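Observations on the model geometry
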Amino acid sequence: MFIDLSVSLNETTPVYPGDPETQIRPAGMLAESGYQDHYVCVGTHVGTHMDAPSHMIVGGKNLDEFPIEKFSGRGVCIRMDGSFDPTEIQKADIQEGDIVLFHTGMSEKYQEPAYFENYPGVPEDVAQYLIEKKVKIVGVDMCSVDTESDFPIHKLLLGKEVLIIENLTNLEALEGKTFKVHAFPIKLQIDGAPVRVVAEL
């Protein structure tokens, strides 16, 4: 069984404040051209997306520089109510190479201003713990792992080549479940890309 953890991407998909809006325009219409085609203009960090080290780290890798195995692995979903509790995180069975997803409940506010204004950031000690555990990817149902404008958590995780997925959804379906995560981004040779994330129960 597969569970879709990605939001839909269209012109109404919310964007991080200051990021470009999504534009979708017809490039070929069936009635006129005999085929349908579209021009899509999106920011690399819109909707459910993955951050590469080059997003924040000078000389950091782009997404296409990682082996395909980096984007798939055992998943761990941890529920965080209101704020990140390091004690609860340490209770989770996190192993080397895991993909750790944090369910904060923020995805329920995805279409509201509060989604970008009032969310819990990932604390530095939690990020450091995940690095020490040698996880592959950290994913959140929030617009960012950071609440500070200088993005310290991004830099900490990406500096150790722990990839980041933001704007996940449907994480409540994973609570108490054993699953794998498959998160394959578009093979862009840049700092990030939209990603279709699915959990395989």
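Above: the structure in question.
Residues numbered from 1 in each chain as written. Predicted model: local features only at pLDDT ≥ 70, side-chain atom pairs only at ≥ 80, totals over all residues. Heavy atoms only, no water.

Focus on the overall build of the chain
In terms of regular secondary structure, the chain is built from five helices and 10 strands. Principal-axis analysis of the C-alpha atoms places the extent of the chain at approximately 60 × 35 × 35 Å. Counted over contacts in the chain with a minimum sequence separation of 6, partners at least 24 positions apart contribute 71%. Summing over all exposed atoms, the chain offers an accessible surface of approximately 10,200 Å²; the carbon and sulfur share of this is 49%. (Helix = DSSP H or I, 4+ residues; strand = E, 2+ residues; numbered from the N terminus. Contact = heavy atoms within 4.5 Å. Areas by Shrake-Rupley, 256 points an atom, 1.4 Å probe, with all protein chains shown as cover.)

Here's the deal with empty space enclosed by the protein
Counted under the stated rule, the structure contains one cavity of 30 Å³ or more. Of the pockets and cavities examined, the largest cavity occupies roughly 40 Å³. Considering the residues around the largest cavity, the lining is formed by Pro 14, Val 15, Tyr 16, His 45, Val 46, Gly 47, Phe 116, Cys 143 and Asn 167. Broken down by class, the residue content of the lining of the largest cavity amounts to six nonpolar, three polar and no charged. (1 Å grid on protein atoms, 1.4 Å probe; cavity = no way out; pocket = protein on both sides within 12 Å on 5 of 7 lines; lining within 4 Å. Points joined across faces, edges and corners; volume = space filled by probe spheres on them. Nonpolar A, V, L, I, M, F, W, Y, C, P; charged D, E, K, R; others polar.)

Things to note about the pattern of salt bridges
Overall, the coordinates contain eight salt bridges when judged by the stated rule. In this structure, Asp 98 and Arg 74 form a salt bridge, with 2.8 Å as the shortest nitrogen-oxygen distance. With Asp 98 in the loop between α2 (86-91) and β6 (99-103) and Arg 74 in strand β5 (residues 72-79), this pair connects stretches of sequence that are 24 residues apart. With a relative accessible area of 31%, Arg 74 lands in the partly exposed category. When salt bridges that share partners are traced, they join Arg 74, Asp 93 and Asp 98 into one network. (Salt bridge = Lys/Arg side-chain N within 4 Å of Asp/Glu carboxyl O. Buried < 20%, exposed > 50% of the residue type's maximum accessible area, 1.4 Å probe, protein only.)

Some points on a negative patch on the surface
Together, Glu 124, Asp 125, Glu 148 and Asp 150 make up a region of like negative charge exposed at the surface. One can find Glu 124 in helix α4 (residues 124-132). (Patch = residues over 30% accessible without salt bridge, like charges linked within 9 Å, V, L, I, M, F, W, Y side chains within 5 Å. Lys, Arg positive; Asp, Glu negative; His and termini not counted. Charge placed at Lys NZ, Arg CZ, Asp CG, Glu CD.)

Notes on the nonpolar core
By size, the foremost hydrophobic cluster in this structure holds 32 residues, and its most contacted members are Ile 78, Ile 89, Ile 94, Phe 102 and Val 122. Mapped onto this core, the elements with two or more residues apiece are β5, β6, α3 (114-117), α4, β7 (137-140) and α5 (152-159). Broken down by element, the residue count for this core peaks at five residues, all from α4. If near-sequence neighbours (up to four positions away) are discounted, Val 122 is found in contact with Phe 84, Ala 127, Val 140, Met 142, Val 145 and Ile 153. In terms of nonpolar packing, the next biggest core, distinct from the first, is built from 23 residues, Ile 3, Ile 99, Leu 171 and Val 195 among them. (Core = buried A, V, L, I, M, F, W, Y, C linked by side-chain atoms within 4.5 Å.)

Quick look at the packing of aromatic side chains
The tally for this structure, following the rule as stated, stands at four aromatic pairs. Pairing Tyr 16 with Phe 116 gives two aromatic rings, centres 6.4 Å apart and planes at 75°, and the pair type is edge-to-face. Taken together, the residues Tyr 16 in the loop between β1 (2-4) and β2 (23-28) and Phe 116 in helix α3 connect sequence positions 100 residues apart. Here Phe 84 and Phe 102 contribute two aromatic rings whose centre-to-centre distance is 5.0 Å and whose plane-to-plane angle is 70°, an arrangement assigned as edge-to-face. With Phe 84 in the loop between β5 and α2 and Phe 102 in strand β6, this residue pair connects regions lying 18 residues apart in the sequence. Overall, Phe 84 belongs to the buried group, its relative accessible area being 7%. For Phe 102, a relative accessible area of 0% corresponds to the buried category. In this structure an aromatic cluster arises from ring pairing among Tyr 16, Tyr 110, Tyr 115 and Phe 116. (Phe/Tyr/Trp six-rings, centres within 6.5 Å; stacked < 30°, edge-to-face > 60°.)

A word on a nonpolar patch on the surface
Together, Leu 9, Val 40 and Val 42 line one region of the surface with nonpolar side chains, adding up to about 210 Å² of accessible area. Structurally, Val 42 is set in the loop between β3 (37-41) and β4 (49-51). For Val 42, a relative accessible area of 30% puts it in the partly exposed group.

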